[in-house]
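Here is what each chain is made of, one letter per residue.
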Amino acid sequence: GAGVSQTPSNKVTEKGKYVELRCDPISGHTALYWYRQSLGQGPEFLIYFQGTGAADDSGLPNDRFFAVRPEGSVSTLKIQRTERGDSAVYLCASWVGGPGELFFGEGSRLTVL
Amino acid sequence: DAKTTQPTSMDCAEGRAANLPCNHSTISGNEYVYWYRQIHSQGPQYIIHGLKNNETNEMASLIITEDRKSSTLILPHATLRDTAVYYCIVSPRDDKIIFGKGTRLHILP
């Protein structure tokens, strides 16, 4: 079956614009993570869903960032009033649960000009 | 406040075993040790995890000390394709996975 799919793979936007990034997890995986990664750094945790609800959103940097997963499958990360510091690769991962493997997508590279 | 400490970078000759250390002296009894790696411009890739016992799979071996305060990931016959950043992570079952800075492993021809 297909792996974790993220769209768009690249997004260039202007400061102040609104952006949506989409993650399509592996079918049947109940848990979904969002991370962001800046150059030379490890992935930074943003939010983690179990089913439809956010189990832990402690990594969201401020209220400009919001994520949803309305049907417990596809998730959308929404960034309002983008700033240049939001430029990064946004990674999504899905997980069947328990101790085990997170499956990552290839990421969405966001550039805010 | 990282839970793990890893060397910033390491070199290993192609064909030799790569041994990547990780210190996790404050690990709790219910926390697992996970290893992931990230090849340039790709998403992280799961390698292996363990709780107390040593583990082996087709990619690597994980050796956990008896007191669980440190572990070593072993790539038995490193190839150029193993050049990547390797992340050691400790986390309870069903809890979020937090990445640190990892070890940048260079496999030398």
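Just so you know, these numbers come straight off a predicted model, no measurement behind them.

Caption draft 1: Region of interest: the packing of aromatic side chains. In this structure the tally under the stated criterion is 14 aromatic pairs over all chains. Between the aromatic rings of Y35 of chain A and F104 of chain A, the centroid separation amounts to 5.6 Å while the plane-to-plane angle is 40°, which identifies the pairing as tilted. Taken together, the positions of Y35 of chain A in strand 4 (residues 31-37) and F104 of chain A in strand 10 (residues 102-104) put the pair 69 residues apart, joining distant regions of the chain. One exposure class covers both Y35 of chain A and F104 of chain A, and it is buried. Through a chain of ring-to-ring contacts, the aromatic side chains of Y33, Y35, F45, Y48, W95 and F104 of chain A together with Y36, Y46, Y87 and F99 of chain B assemble into a single cluster.

Caption draft 2: Fine view of the interface of chain B and chain A. Opposite the 20 residues of chain B that make contact, chain A presents 21 residues. For the pair chain B and chain A, the summed buried area comes to about 1600 Å², and 54% of that belongs to carbon and sulfur atoms. Its largest share of buried area at the contact with chain A, chain B owes to D94, K96 and F99 of chain B, together 29% of the area lost on that side. Linking chain B to chain A there are one salt bridge. Note that K96 of chain B is salt-bridged to D56 of chain A, the shortest N-O span being 2.5 Å. If you look at where chain B meets chain A, you find seven residue pairs in polar contact (both at pLDDT 80 or more).

Caption draft 3: The arrangement of the state of the cysteines in detail. Going through the model one piece at a time under the given rule, you end up with two disulfides over all chains. Two residues, C23 of chain A and C92 of chain A, share a disulfide whose sulfurs are 1.8 Å apart. What sets the handedness of the C23 of chain A and C92 of chain A disulfide is the S-S torsion sign, and at about -70° it is left-handed. Here C92 of chain A lies in strand 9 (residues 88-95) and C23 of chain A lies in strand 3 (residues 19-24), a separation of 69 residues in the sequence. You'll find C23 of chain A and C92 of chain A in the same group, each marked buried. Two residues share a disulfide in this structure: C22 of chain B and C88 of chain B, whose sulfurs sit 2.1 Å from each other. Here the disulfide of C22 of chain B and C88 of chain B is left-handed, its torsion about the S-S bond being about -85°. Placement of C22 of chain B in strand 2 (residues 18-23) and of C88 of chain B in strand 8 (residues 84-92) is noted, with a sequence separation of 66 residues between them. Each member of the pair, C22 of chain B as well as C88 of chain B, carries the same accessibility label: buried. Of all cysteine sulfurs in the structure, the one in C22 of chain B sits closest to C12 of chain B, which takes part in no disulfide; the separation is 18 Å.

Caption draft 4: Up close: the layout of surface pockets. If you add up the space inside the largest pocket, you get close to 760 Å³. Counting only elements with at least two residues in the lining of the largest pocket, the list comes to strand 9 and strand 11 (108-112) of chain A together with strand 8 and strand 9 (103-108) of chain B. In terms of residues, the lining of the largest pocket owes the most to one element, strand 11 of chain A, which gives four residues. Considered class by class, the residues forming the lining of the largest pocket number 10 nonpolar, 21 polar and four charged.

What counts and what doesn't
- Residues numbered from 1 in each chain as written.
- Chains lettered and ligands numbered in written order.
- Predicted model: local features only at pLDDT ≥ 70, side-chain atom pairs only at ≥ 80, totals over all residues.
- Heavy atoms only, no water.
- Phe/Tyr/Trp six-rings, centres within 6.5 Å; stacked < 30°, edge-to-face > 60°.
- Helix = DSSP H or I, 4+ residues; strand = E, 2+ residues; numbered from the N terminus.
- Buried < 20%, exposed > 50% of the residue type's maximum accessible area, 1.4 Å probe, protein only.
- Contact = heavy atoms within 4.5 Å.
- Buried area = accessible area lost by both parts, 1.4 Å probe.
- Salt bridge = Lys/Arg side-chain N within 4 Å of Asp/Glu carboxyl O.
- Polar contact = N/O pair within 3.5 Å; in protein donor to acceptor, adjacent residues only side chain to side chain.
- Disulfide = S-S within 2.5 Å.
- 1 Å grid on protein atoms, 1.4 Å probe; cavity = no way out; pocket = protein on both sides within 12 Å on 5 of 7 lines; lining within 4 Å.
- Points joined across faces, edges and corners; volume = space filled by probe spheres on them.
- Nonpolar A, V, L, I, M, F, W, Y, C, P; charged D, E, K, R; others polar.

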